[in-house]
Amino acid sequence: MLKRMIAFISALVIFLGVAFVMTSNPSSKTTTSSKKVPTIGILQLQTHPALDAIHRGIIAGLKAEGYTPGKNIKIDYQNAQGDQSNLKTMSQKFINENADETIAIATPAAQALANAAGKTTPVILAGITDPVGGGLIKSNQHPGANITGTSGESPLKSHLDLLRKLVPKAKKIGIIYTTSDHGGEYNAKKFAKICKQEGIAYKLYTISSTNDMQQVAETMASQVDAVYAPQDNGVASAMKTLISVTNKAKVPVIPAVDTMVKDGGLATLSVNQYKLGKLSGEMAAKVLKGKSPSNYAIKLITKGEMTINLSEAKKLGITFPASVIKEAKQKGEIYK
């Protein structure tokens, strides 16, 4: 019995001794290294349906590539609400907090992120119009440095063809854009160039902020027969104000984006904003997995989907051709 007691005490002393050594010497511990959860900073210029759709698409694209927010990836989402100073502050926040990657929704957000990130932190563009002209990349095929992503080039010639089909008696077209929105200005002036080539009279109108829309829209509606509203964040945000004015004057508005049709536009052939976002999310995931942005070509979506607004057509006394309704049913969307 005594021998057993001595043996037990000896074993206990040895066990405690080993435990003490393991505790006092961290290098002797058996550790399980937890894998770092990557952080993505998403910067959105402001709230409006088109940009919100891109945001939802980004999350879906990340999930499709195996990254689920709150599970194996952290999303830091910031919305600047149209404030340029917010864009700068939020961009710097991502860099200060060592975000593994950033995603930009709208050109001003992309420019702010590019300035803050320098040539290091990857910046993924989400549906940015004219990224080369916006000073973000060298070329679509070889972006260079740390920036890549998606671009949604509006099918402008198709928009003009649709406008002429729906409003054949229109002699003069008003084109409205925001002076501080590079993408909006790019689209508006490119559309104007097409009008000139086609021999169609037009006039450009500008707003500096959404606060200008009421006054500018009233002037425009008194001078034109139809309005083209390009892919422009300021115009999209003030779309309902624009429509309230143009409807009183019985002037139809052909916008560039499906969400702008939902807000009162007559019809469009729209690049799907959700699909643009989803593609950006998938590209962001691949960059996280090691793909270099510098030679990761910009992915373009340029084919539009027919979207029409039946209630708006009724208000304006416009009848959609059967072919347009058929296309909207088959490949697009109909708002009633």
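See above for the structure.
The notes below deal with the structure included here.

Criteria and thresholds
Counting from 1, residues in each chain are numbered in the order their sequence is written. Where local features are concerned, this predicted model is filtered to residues with pLDDT of at least 70; where side-chain atom pairs are given and counted, the filter is 80 or more; whole-chain, interface and lining totals use all residues. Remark: hydrogens and water are excluded; side-chain values derive from all non-hydrogen atoms of the structure. Axis lines are fitted through C-alpha atoms, for helices just across the contact stretch, and the angle between N-to-C directions can take any value from 0 to 180 degrees. Only DSSP runs of H or I with at least four residues qualify as helices, and only runs of E with at least two residues qualify as strands; both kinds are numbered from the N terminus onward. For classification purposes, angles smaller than 35 degrees are called roughly parallel, those larger than 145 roughly antiparallel, those between 65 and 115 roughly perpendicular, and all remaining angles oblique. Working rule for handedness: look at the near helix, and if it is turned counterclockwise from the far one by less than a right angle, call the crossing left-handed; if clockwise, right-handed. We call two residues contacting when some pair of their heavy atoms lies within 4.5 Å. Amino acids are sorted into nonpolar (Ala, Val, Leu, Ile, Met, Phe, Trp, Tyr, Cys and Pro), charged (Asp, Glu, Lys and Arg) and polar (every other residue, Gly among them). Whether two strands pair depends on DSSP finding at least two bridges between them. For cavity detection a 1 Å grid was placed over the protein atoms alone, and a set of points counts as a cavity when a 1.4 Å probe fits there but cannot get out; an open set counts as a pocket when protein lies on both sides within 12 Å along at least five of seven lines, with lining residues being those that have an atom within 4 Å of a point. Grid points are joined across faces, edges and corners, and a volume is the space filled by probe spheres set on the points. Salt bridges are defined as contacts in which a side-chain nitrogen from Lys or Arg sits within 4 Å of a carboxyl oxygen from Asp or Glu. For the exposure calls, accessible area comes from a 1.4 Å probe over protein chains only, and a residue counts as buried if that area is under 20% of its type's maximum, exposed if over 50%, partly exposed in between.

### Remarks on the packing of helix α3 (residues 84–96) against helix α4 (residues 107–117)
Turning to step 1, where the next piece is worked out: The interhelical angle for the contact between α3 and α4, taken along N-to-C directions, is 45 degrees, at an axis separation of 9 Å. The angle between the axes of α3 and α4 places the two elements in the oblique class. Of the two elements, α3 crosses α4, and the hand of that crossing is right-handed. Together, Q84, L87, K88, S91, Q92, F94 and I95 of α3 and P108, A109, A112, L113, A116 and A117 of α4 make up the contact between the two elements.
Turning to step 2, where the next piece is worked out: For the contact of α3 with α4, the per-class residue count stands at 9 nonpolar, 3 polar and 1 charged.

### A look at the sheet that holds strand β4 (residues 123–126)
Turning to step 1, where the next piece is worked out: Taken in spatial order, the 6 strands make up an open sheet running β2-β1-β3-β4-β5-β11, and their pairing is parallel. Edge strands, defined here as strands with exactly one partner in the open sheet, are β2 (74–79) and β11 (299–300).
Turning to step 2, where the next piece is worked out: As paired strands, β4 and strand β5 (residues 147–151) are joined by 3 bridges and run parallel to one another. Paired with L125 across the two strands is G149, which belongs to β5.

### A closer look at the sheet that holds strand β12 (residues 305–309)
Turning to step 1, where the next piece is worked out: Taken together, 3 strands build an open sheet; the order of strands is β10-β12-β13 and the sheet is mixed. Unpaired on one side and paired on the other, β10 (267–270) and β13 (333–335) mark the two borders of the sheet. When the angles between neighbouring strand axes are averaged without regard to direction, this sheet yields 15 degrees.
Turning to step 2, where the next piece is worked out: Packed on one face of the sheet, helix α5 (residues 156–166) meets β10 and β12 and runs near 160 degrees to β10.

### Comments concerning empty space enclosed by the protein
Turning to step 1, where the next piece is worked out: According to the stated counting rule, one finds 1 cavity of 30 Å³ or more in the structure shown.
Turning to step 2, where the next piece is worked out: The volume enclosed by the largest cavity comes to roughly 170 Å³.
Turning to step 3, where the next piece is worked out: Among the secondary structure elements, those contributing two or more residues to the lining of the largest cavity are α2 (49–64), α4 and α8 (233–237).
Turning to step 4, where the next piece is worked out: Of the residues assigned to the lining of the largest cavity, the class counts are 10 nonpolar, 8 polar and 2 charged.

### Regarding the pattern of salt bridges
Turning to step 1, where the next piece is worked out: The tally for this structure, following the rule as stated, stands at 10 salt bridges.
Turning to step 2, where the next piece is worked out: Ionic pairing is found between K93 and E97, a salt bridge with its closest N-O pair at 3.2 Å.
Turning to step 3, where the next piece is worked out: With relative accessibility at 28%, the residue K93 sits in the partly exposed group.
Turning to step 4, where the next piece is worked out: Of the charged contacts in the structure, one is a salt bridge between K275 and E305, with a shortest N-O distance of 2.9 Å.

### Considering the pairing of β12
Turning to step 1, where the next piece is worked out: Taken across its 5 residues, β12 has 4 buried, putting it largely inside the fold.
Turning to step 2, where the next piece is worked out: With 3 bridges joining them, β12 and β13 adopt parallel strand pairing. By the bridge assignment for β13, N309 is matched with Y335.

### Observations regarding the side chain of T307
Turning to step 1, where the next piece is worked out: Residue placement: T307 occurs in strand β12.
Turning to step 2, where the next piece is worked out: Not counting residues within four places of it along the chain, the set of residues in contact with T307 comprises D258, V261, L266, A267, T268, E333 and Y335.

### Thoughts on unusual backbone geometry
Turning to step 1, where the next piece is worked out: Of note, A106 is a non-glycine position whose phi angle comes to about 100 degrees, a positive value.
Turning to step 2, where the next piece is worked out: By secondary structure assignment, the location of A106 is in the loop between β3 (101–105) and α4.
Turning to step 3, where the next piece is worked out: Phi is positive for D130, which is not a glycine, with a value near 50 degrees.
Turning to step 4, where the next piece is worked out: For D130, the location among the structural elements is in the loop between β4 and β5.

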